[in-house]
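What follows is the residue order along each chain.
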Amino acid sequence: QVERPGQPPSFVFGTLHSSDELVTALPPPVTAAFQSAATVATEVVLDENAMVALTQAMVLPPGRKLADILTPEIYSDLKLAAAHYQMSMPVLSRFKPWALMALFSLPPAEYKRNRAGLMPLDEMLQNDARATNKKLVALESAEEQIAAFESVSEEDQLALLAITLVEANDIERNFGA
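Residues numbered from 1 in each chain as written. Predicted model: local features only at pLDDT ≥ 70, side-chain atom pairs only at ≥ 80, totals over all residues. Heavy atoms only, no water.

Undergrad: Sorry if this is basic, but what is going on with the side chain of Glu-110 here?
TA: Position of Glu-110 relative to the elements: it lies in helix α8 (residues 108-115). Setting aside chain neighbours within four positions, we find Glu-110 in contact with His-17, Ser-18, Ser-19, Asp-20 and Pro-120. (Helix = DSSP H or I, 4+ residues; strand = E, 2+ residues; numbered from the N terminus. Contact = heavy atoms within 4.5 Å.)

Undergrad: How do you make sense of the packing of aromatic side chains when you look at a structure like this?
TA: Two aromatic rings are characterised by how far apart their centres lie and by the angle between their planes. Overall, the coordinates contain three aromatic pairs when judged by the stated rule. Seen from their ring centres, Tyr-85 and Tyr-111 are 6.1 Å apart, and the 65° between their planes marks the pair as edge-to-face. Of this pair, Tyr-85 sits in helix α5 (residues 72-85) while Tyr-111 sits in helix α8, and the two are 26 residues apart along the sequence. For the residue pair Tyr-85 and Tyr-111, the accessibility class agrees, reading buried in each case. In textbook terms, an aromatic cluster arises when at least three aromatic residues are bridged by ring pairs, as seen for Tyr-85, Phe-104 and Tyr-111. A cation sits over an aromatic face here: Lys-134 above Phe-34, 5.4 Å from the ring centre. (Phe/Tyr/Trp six-rings, centres within 6.5 Å; stacked < 30°, edge-to-face > 60°. Buried < 20%, exposed > 50% of the residue type's maximum accessible area, 1.4 Å probe, protein only. Lys NZ or Arg CZ within 6 Å of the ring centre and 35° of its normal.)

Undergrad: Explain the nonpolar core here, please?
TA: Generally speaking, a soluble globular protein has its nonpolar side chains buried in company with each other. Leu-78, Leu-92, Leu-100, Leu-103 and Phe-104 are the most contacted members of the largest nonpolar core, which has 33 residues in total. Taken together, the elements giving at least two residues each to this core come down to α3 (48-58), α4 (66-69), α5, α6 (89-92), α7 (97-103), α10 (142-150) and α11 (154-168). When sequence neighbours within four positions are dropped, the list of residues in contact with Leu-103 reads Met-58, Tyr-85, Leu-92, Phe-95 and Tyr-111. One finds Phe-34, Val-40, Leu-125 and Ala-129 within the second-largest nonpolar core, a separate group that totals seven residues. (Core = buried A, V, L, I, M, F, W, Y, C linked by side-chain atoms within 4.5 Å.)

Undergrad: What am I meant to see in the packing of α5 against α11 here?
TA: Following both chains from N to C, one finds α5 and α11 inclined at 40°, their axes separated by 9 Å at the closest point. Comparing their axes, α11 and α5 come out oblique. You can see that α5 and α11 cross each other, and the crossing is left-handed. Residue-level contacts link Ile-74, Asp-77, Leu-78, Ala-81, His-84 and Tyr-85 of α5 to Leu-158, Leu-161, Ala-162, Leu-165, Val-166 and Ala-168 of α11. Broken down by class, the residue content of the contact of α5 with α11 amounts to ten nonpolar, one polar and one charged. (Axes fitted to C-alpha atoms, helices over the stretch in contact; angles between N-to-C directions. Parallel < 35°, antiparallel > 145°, perpendicular 65-115°, else oblique. Left-handed = near helix turned anticlockwise from the far one by under 90°. Nonpolar A, V, L, I, M, F, W, Y, C, P; charged D, E, K, R; others polar.)

Undergrad: Even after reading the chapter, I still don't get the environment of Ser-153, so can you show me in this structure?
TA: Positionally, Ser-153 belongs in the loop between α10 and α11. By relative accessible area, which is 35% here, Ser-153 ends up partly exposed. The sequence separation of Ser-153 and Trp-98 amounts to 55 residues, and the corresponding C-alpha distance is 9.8 Å. At 3.1 Å, the side chain of Ser-153 forms a polar contact with the backbone nitrogen of Asp-156. (Polar contact = N/O pair within 3.5 Å; in protein donor to acceptor, adjacent residues only side chain to side chain.)

Shown next as structure tokens:
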């Protein structure tokens, strides 16, 4: 809770991009603060425009092939991770290295819950804010997030992807899923 004399209190609540019920089952004080809020600020407002922009930005431009970008070792690790996650290599081969890093930064259990219709906490709170006519604001735009990823050199993207893929083999333990 953040207070300023003469102003109603504000609340800061950190979220995870997780649909695990251990994360989404909010404690009563958090639920009460959310219900009393007139405005909800989230990392990015996930509306249709943001989703389209993020999806388009994640895909390699025509003529670029992931197999030409990745080292043989990283490509091999990607194939192992794809099998572990039950993801299609033809689909994954269309993504930029930073997008793959983002995809494999969550455990397979998260994707399974998403396919079952469960929403990550941040998305759930945005939907609840919309349903209760709260003002919904973004701390950054989808374009700002994309620019941050795109500003990372391809060499650094590959290094980060390599680490992510190695950790993907043990992500359930590391993530706490």
